[in-house]
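Each chain, letter by letter, is given below.
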Amino acid sequence: MIQGFKEFITKGNVIDLAVAVVIGTAFTAIVSAVVSSIITPLVALVFKADEAGKFGFTVDNIYGDPVTFPIGELISAVISFLAVALVVYVVFVVPMNKYKERKAAKNPAVEEETLPTEQELLIEIRDLMRRDAGVR
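No experiment lies behind these values; they were computed from the predicted model shown.

### Quick look at the overall build of the protein chain
A count of helical and extended segments in the protein chain gives four helices and two strands. Across the 136 residues of the protein chain, 5% fall into the buried class. The contacts in the protein chain between residues at least 6 apart in sequence include a share of 29% that link residues at least 24 apart. For the protein chain, the exposed surface amounts to about 12100 Å²; the carbon and sulfur share of it is 67%.

Put into structure tokens, the structure is as follows:
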């Protein structure tokens, strides 16, 4: 059991995932700072920050009491998500894609040979079994 666990931990995917989680956690502070210092003030130009939760429509319930659907919170959450996604895309994805393109241009990939289809493999196995059966 310990050997199996050791093999699981030492696989590249697990290590890569662990590094991604740690880097992602550390990057959260940067993204939060960008959003709070740039995006939130831009949103505040249109909406008052203290009234975002109060923005919405009101419907009376069956007892006649008003119930407010706070659409402002939903809009704020969507804007925050889109802002975070935009920051991640601009800061990480675009530069990484450009880096990979430059790296690929310097080292053209060797074309991999095409693997046989499942049907071709089955035909090959059948032929080998026939040949072995005829030899005996």
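### Things to note about the pattern of salt bridges
Using the criterion set out here, one finds two salt bridges in the structure. A salt bridge links Arg126 to Asp127; the shortest N-O distance between them is 3.2 Å. Overall, Arg126 belongs to the partly exposed group, its relative accessible area being 39%. Its relative accessible area of 39% is what places Asp127 among the partly exposed residues. Taking the shortest distance from any N to any O, the salt bridge between Arg131 and Asp132 comes out at 3.6 Å. Note on Arg131: relative accessible area 52%, which makes it exposed. By relative accessible area, which is 37% here, Asp132 ends up partly exposed.

### With respect to the nonpolar core
Of all hydrophobic cores here, the largest spans six residues; its members are Phe27, Val31, Val35, Ile39, Ala83 and Val87. Of the residues forming this core, the biggest block, four residues, is contributed by helix H2 (residues 12-44). The contact partners of Val87, leaving out residues within four places of it in the chain, are Val31, Val34 and Phe92.

### So, a nonpolar patch on the surface
Residues Leu86, Tyr89, Val90, Val91, Phe92 and Val93 make up a contiguous nonpolar surface patch of about 520 Å² in total accessible area. Position of Val93 relative to the elements: it lies in helix H3 (residues 71-106). By relative accessible area, Val93 is classed as partly exposed at 33%.

### Considering the pairing of strand S1 (residues 57-60)
Side chains on a regular strand alternate between the two faces of the sheet. In the sheet, S1 pairs with strand S2 (residues 66-69) via four bridges, with the strands oriented antiparallel. Bridging from a neighbouring strand, Val59 pairs with Val67 of S2.

### Re H3
For H3, which comprises 36 residues, the first-to-last C-alpha distance of 51 Å matches the rise-based estimate of 52 Å (1.5 Å per residue) to within 8%. The sharpest bend along H3 comes to roughly 40°, located at Tyr89. What H3 keeps buried is the set Gly72, Ala83 and Val87.

### A word on the confidence of the model for the protein chain
Averaged over every residue, the pLDDT of the protein chain is 77; residues scoring 70 or more account for 83%. The secondary-structure element of the protein chain with the lowest mean pLDDT is helix H1 (residues 2-10), recorded at 73, while helix H4 (residues 118-135) shows the highest, at 87.

Each value, and the rule that gives it
- Residues numbered from 1 in each chain as written.
- Predicted model: local features only at pLDDT ≥ 70, side-chain atom pairs only at ≥ 80, totals over all residues.
- Heavy atoms only, no water.
- Helix = DSSP H or I, 4+ residues; strand = E, 2+ residues; numbered from the N terminus.
- Buried < 20%, exposed > 50% of the residue type's maximum accessible area, 1.4 Å probe, protein only.
- Contact = heavy atoms within 4.5 Å.
- Areas by Shrake-Rupley, 256 points an atom, 1.4 Å probe, with all protein chains shown as cover.
- Salt bridge = Lys/Arg side-chain N within 4 Å of Asp/Glu carboxyl O.
- Core = buried A, V, L, I, M, F, W, Y, C linked by side-chain atoms within 4.5 Å.
- Patch = residues over 30% accessible without salt bridge, like charges linked within 9 Å, V, L, I, M, F, W, Y side chains within 5 Å.
- Pairing = 2+ DSSP bridges.
- Expected span 1.5 Å × (residues − 1).
- Bend = angle between axes of the 7 residues up to and from the residue.
- pLDDT = per-residue confidence, 0-100.

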